[in-house]
Amino acid sequence: MDRETDRLIRMAAFDRLEELSRAHGDVLPCAALFAGFEFRGRKVAWISQQGIVKPAGMDMALSITTSPDDPYGDTVDDDGFIAYRYQGTDPEQWDNVAMRRAGVEGVPLVYFHGVASGQYKAFW
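Residues numbered from 1 in each chain as written. Predicted model: local features only at pLDDT ≥ 70, side-chain atom pairs only at ≥ 80, totals over all residues. Heavy atoms only, no water.

Asks: I'm lost on the side chain of N96 in this one. Help?
Replies: In this fold, N96 is placed in helix 3 (residues 94-105). Setting aside anything within four residues of it in sequence, one finds N96 in contact with I52, Y86, Q87, D90 and P91. (Helix = DSSP H or I, 4+ residues; strand = E, 2+ residues; numbered from the N terminus. Contact = heavy atoms within 4.5 Å.)

See below:
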């Protein structure tokens, strides 16, 4: 996928998150997140059962999700800095590579931090 299309998908995701935040406040319900968002007539997922989401056609991760029981020990400090651990034990696993590439390329990600069952605080 070209960089401009990737950028436009990310902007559509952020715009939809703004709308959801206005409707629900700081904590977003899982159902709204599983509904995804639309880009050029196509539904795009930003949350799934896996922690790292790289939608079809994108070369880099779009979002990261942790559960409220967070088995990996991810943290968000008071300044909003996120420490995220790799998924699984293999840093070369496709989803870890997609996340790392987004960091290297400097593209923005969405981080869904599970605060309670079915409830997420979104950072983007």
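Asks: Sorry if this is basic, but what is going on with the packing of aromatic side chains here?
Replies: Think of a pair of aromatic rings as described by two things: how far the centres are apart, and how the planes are tilted against each other in angle. On inspection of all chains with the given rule, the structure shows three aromatic pairs. Between W46 and F112, the ring centres sit 6.0 Å apart and the planes meet at 50°, which makes this aromatic pair tilted. Of this pair, W46 sits in the loop between strand 3 (42-44) and strand 4 (52-53) while F112 is found in strand 8 (residues 110-116), placing the two residues 66 residues apart along the sequence. For the pair W46 and F112, one class covers both residues: buried. One aromatic cluster in this structure is built from F37, W46 and F112. (Phe/Tyr/Trp six-rings, centres within 6.5 Å; stacked < 30°, edge-to-face > 60°. Buried < 20%, exposed > 50% of the residue type's maximum accessible area, 1.4 Å probe, protein only.)

Asks: Quick question: what am I supposed to make of the nonpolar core here?
Replies: With 21 residues, the main nonpolar core has L17, L33, F37, W46, L62 and F112 as its most contacted residues. Where this core is concerned, the elements lending two or more residues are helix 1 (3-24), helix 2 (30-34), strand 2 (37-39), strand 8 and strand 9 (119-123). Element by element, the count of residues in this core is highest for helix 1, at six residues. Discounting residues that sit within four places of it in the chain, L17 has contacts with L28, L33, W46, V110, F112, A122 and W124. Formed by seven residues, the second largest nonpolar core is a distinct cluster that contains I52, A61, Y84 and M99. (Core = buried A, V, L, I, M, F, W, Y, C linked by side-chain atoms within 4.5 Å.)

Asks: Honestly, the sheet that holds strand 5 (residues 63-66) in this entry has me stumped. Any pointers?
Replies: Strand pairs in the sheet, formed through backbone hydrogen bonds, run parallel or antiparallel to each other. Taking strand neighbours across the sheet as the criterion, the five strands line up as 1-9-8-5-4 in an open arrangement whose pairing is mixed. At either margin of the open sheet sits one strand with a lone partner, and together these are strand 1 (27-29) and strand 4. Relative to strand 8, strand 5 is paired through four bridges, and the arrangement is parallel. Residue pairing for strand 8: S63 is matched across the bridge by V110. (Pairing = 2+ DSSP bridges.)

Don't take any of this as a statement about function, it's just geometry.
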